[in-house]
Each structure stands twice: as C-alpha cells, then as structure tokens.
Amino acid sequence: LAQCRAACALINDLALALSQMSDTLADAMATLSKGGDRRQCKKATRICSVTPLAVQLYKVAAYAALFQIETEKSGVQNESSTDAMKAVERSRMCISTFATMLNTNIDRSVKAAADYASSKTVMSLIKTLQ
C-alpha cells in the first residue's frame, strides 16, 4: 500500500504534535500555577483555551489518516479515495502549522484550524463521520 505513506506520515506528525502540545500545556499550567507576569499568564490562558480545539483537530486528522488507509485497502479508485488523499495532505499541512505556531502566534494556529475545518475535502470527511 504505497499510497498509505502519506497517512503513516500524518500519524507520525500527529504523534509529534501531541507531544509538543503536552509539553506546551504543561508549561502553560506551570506558568499559571506559579503566577508569572501578566503577559505570561495571558499567553498561558490562551494556550489552555485552545486545547479543546487542538483535541478536535487532532481527532479529525487521525480519522483522515485511518479513512485513507481503509480506502486504499479496499482497492477501489473513485472520488472517495481522491478526497481521502487530499484530506490527508491538508491535515498534514494544518497539523504542522498549528503545532509550529502555537507558541509563537496563537492566532495563526487558530486560523489554520479554521481554514482546515472549512475546506471542502475535510467537510466531506466530517460528513462520513455522521
């Protein structure tokens, strides 16, 4: 299943992003616990408030990877398989941007997640969940 390489890469990207998110969240919680300066506390609060968004983003990306693997295993090439591949590619780009920008530009992270959720391929993927 050569086409599953992108899905496997997405799963690896997710593992790295989750690890980074865990470290970032731990740092934010430590900042809030010890009561850093106002700017640090505000940044830590914003990071904590984005956590539910990150969890949902990572869940949809994981589903995209698994859906693409399942589609490839079926061996049928149709619109669904093309959409699955596009969703994996889009997921990888979004996860990378979201994780990279979370510490430096949280607004850019949120915009990346919003753009991802509103994309045509991801919307069709989400419909398969329902």
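Everything here concerns the structure above.
A quick note: this is a predicted structure, and the numbers were derived from the prediction, not measured.

Engineer: Explain the packing of helix H2 (residues 38-74) against helix H4 (residues 106-118) here, please?
Structural biologist: Angle between the axes and distance between the axes are the two parameters that describe a pair of packed helices. Viewed as axis vectors pointing N to C, H2 and H4 meet at an angle of 30 degrees, and their least axial separation amounts to 11 Å. As far as their axial angle goes, H4 and H2 are roughly parallel. For the crossing formed where H2 meets H4, the hand is left-handed. Across the interface between the two elements, Arg46, Ile47, Val50, Leu53, Leu57, Val60 and Ala61 of H2 pack against Ile106, Asp107, Val110, Ala113 and Tyr116 of H4.

Engineer: Just to check I follow, could you spell out the packing of aromatic side chains for this structure?
Structural biologist: For any pair of aromatic rings, the description consists of the separation of the ring centres together with the inter-plane angle of the planes. Enumeration according to the criterion identifies two aromatic pairs in this entry. Measuring from centroid to centroid gives 6.1 Å for Tyr58 and Phe98, while their planes differ by 90 degrees, and the two rings are edge-to-face. Remark: Phe98 occurs in helix H3 (residues 79-101) and Tyr58 occurs in helix H2; sequence separation between them is 40 residues. On the accessibility criterion, Phe98 (0% relative accessible area) is buried. Consider the rings of Tyr63 and Phe67, whose centres lie 5.8 Å apart with planes at 25 degrees: the pair is stacked. Pair noted here: Tyr63 and Phe67 are both in helix H2, with a separation of four residues, about one helical turn. Take Tyr63: its relative accessible area is 23%, and that puts it in the partly exposed class.

Engineer: Hey, could you run me through H4 in this one?
Structural biologist: Structurally, the α-helix is built with 3.6 residues per turn, so residues lying three or four positions apart point the same way. Taking 1.5 Å of rise per residue, the 13 residues of H4 would be expected to cover 18 Å, and the 19 Å separating its terminal C-alpha atoms lies within 8% of that figure. Every buried residue of H4 is listed here: Ile106, Ser109, Ala112, Ala113 and Tyr116. Projected onto a plane normal to the axis of H4, the buried residues spread over an arc of 120 degrees and lie on a single side.

Engineer: Any chance you could explain the nonpolar core here in plain terms?
Structural biologist: One recurring pattern in soluble globular proteins is that nonpolar side chains are buried together. Grouped together as the largest cluster of nonpolar side chains are 35 residues, with contacts concentrated most on Leu10, Leu57, Tyr58, Ile95, Phe98 and Tyr116. Contributions of two or more residues to this core are made by helix H1 (5-34), H2, H3, H4 and helix H5 (120-129). Among the elements that take part in this core, H2 stands out by supplying twelve residues, more than any other. With residues up to four places along the chain from it excluded, the contact list for Leu57 reads Cys94, Ile95, Phe98, Ala113 and Tyr116.

Engineer: Could you clarify how one ought to interpret the environment of Gln130 in this entry?
Structural biologist: By secondary structure assignment, the location of Gln130 is in the segment after H5. Judged by relative accessible area, Gln130 falls into the exposed class, the value being 77%. Along the sequence, Gln130 and Leu16 sit 114 residues apart, while their C-alpha atoms lie 28 Å from each other.

Engineer: Explanation requested: the packing of H1 against H2 in the structure shown.
Structural biologist: Where H1 meets H2, the closest approach of the two axes is 9 Å, and the angle between their N-to-C directions is 165 degrees. Of the possible angle classes, the one that applies to H1 and H2 is roughly antiparallel. H1 and H2 meet at a crossing whose hand is left-handed. Its residues placed into classes, the contact of H1 with H2 shows 21 nonpolar, six polar and no charged.

What counts, and where the lines are drawn
Residues numbered from 1 in each chain as written. Predicted model: local features only at pLDDT ≥ 70, side-chain atom pairs only at ≥ 80, totals over all residues. Heavy atoms only, no water. Axes fitted to C-alpha atoms, helices over the stretch in contact; angles between N-to-C directions. Helix = DSSP H or I, 4+ residues; strand = E, 2+ residues; numbered from the N terminus. Parallel < 35°, antiparallel > 145°, perpendicular 65-115°, else oblique. Left-handed = near helix turned anticlockwise from the far one by under 90°. Contact = heavy atoms within 4.5 Å. Phe/Tyr/Trp six-rings, centres within 6.5 Å; stacked < 30°, edge-to-face > 60°. Buried < 20%, exposed > 50% of the residue type's maximum accessible area, 1.4 Å probe, protein only. Expected span 1.5 Å × (residues − 1). Arc of directions from axis to C-beta. Core = buried A, V, L, I, M, F, W, Y, C linked by side-chain atoms within 4.5 Å. Nonpolar A, V, L, I, M, F, W, Y, C, P; charged D, E, K, R; others polar.

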